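# Breakdown of the fold
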Amino acid sequence: MESESLLVAAATAAAVTTASYMMIARSADKRQRKSPFTAKIEADDINSIKELFHSSAPFSVEIAVHHIGRNISIYASVPAKWETKAKQILDKAYPGRWSESDVSVIFHHGGEYDAASANFSKSKLDEIDLGAIDFSAVNEIGEGASVLIQKEGSDFALYAVASAPSQFQLREIMASLVGSLKKVDCRMARDKAEIAAKFQ
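### Examining the pairing of strand β6 (residues 144-152)
Counting buried positions along β6 gives 7 out of 9 residues, so the element sits mostly inside the fold. With 6 bridges connecting them, strand β2 (residues 60-65) and β6 associate as antiparallel partners. Each bridged residue has a counterpart across the sheet, and for A64 the counterpart in β6 is S146. Bridge analysis of β6 against strand β7 (residues 155-164) gives 9 bridges, and the strand direction is antiparallel. Note that in β7 the partner of V147 across the bridge is A160. If you look at the hairpin formed by β6 and β7, you'll find 2 residues sitting between the two strands, and G153 has a positive phi there, around 70°.

Quick look at the structure:
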């Protein structure tokens, strides 16, 4: 029973830790034991980051709110071997508006977490208004939420995770997130631990 509790705790932390969100990057770097290259982007138009998916580098993009919903952070990550190429692309797309970053943890220790996901085509990606993702329910210390988009084969995957001190607060955050992502048919995960495992 104790070992099961430790496993659940580990999965929970992994699911809502922005430092562990880049699945493709981490799996690609596992053998080399190198951390992925991650940049924090200052973008006037959040939707502009979709252009990174049309580049030659395998970017994963995360939009996150670490504590209060008014401040949205944007991160782009690639496997370590793509660092040089990624920097060239970022310099061209966001001159003077990006910096290397060690992303922060949004996990609230002792709190609750949940997850949702969606899969969609490249054409659907162009239809999504990333600026309309609703983080407004993240309004208390100890709450956090994150939306990750990455390419998987010829399609895309989206994962949304959130953490909060209580189930009531968590339900509000997830309802706002999922409701604003109806365009891609984002749905609550049947097994949140399964999605949590993807983030490890």
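The discussion continues.
### Looking at the environment of V184
You can see V184 is positioned in the loop between α5 (167-179) and β8 (187-188). Excluding residues within four positions of it along the chain, V184 makes contact with A118, N119, F120, K124, I128 and L158.

### Let's talk about the side chain of D114
With respect to the helices and strands, D114 occurs in strand β5 (residues 112-120). Buried within the structure, D114 lacks any salt-bridge partner; its nearest side chain of opposite charge belongs to K192, at an N-O separation of 5.1 Å.

Cut-offs and rules
Residues numbered from 1 in each chain as written. Predicted model: local features only at pLDDT ≥ 70, side-chain atom pairs only at ≥ 80, totals over all residues. Heavy atoms only, no water. Buried < 20%, exposed > 50% of the residue type's maximum accessible area, 1.4 Å probe, protein only. Helix = DSSP H or I, 4+ residues; strand = E, 2+ residues; numbered from the N terminus. Pairing = 2+ DSSP bridges. Contact = heavy atoms within 4.5 Å. Lys, Arg positive; Asp, Glu negative; His and termini not counted. Salt bridge = Lys/Arg side-chain N within 4 Å of Asp/Glu carboxyl O.

Nothing here speaks to function; it is all geometry.
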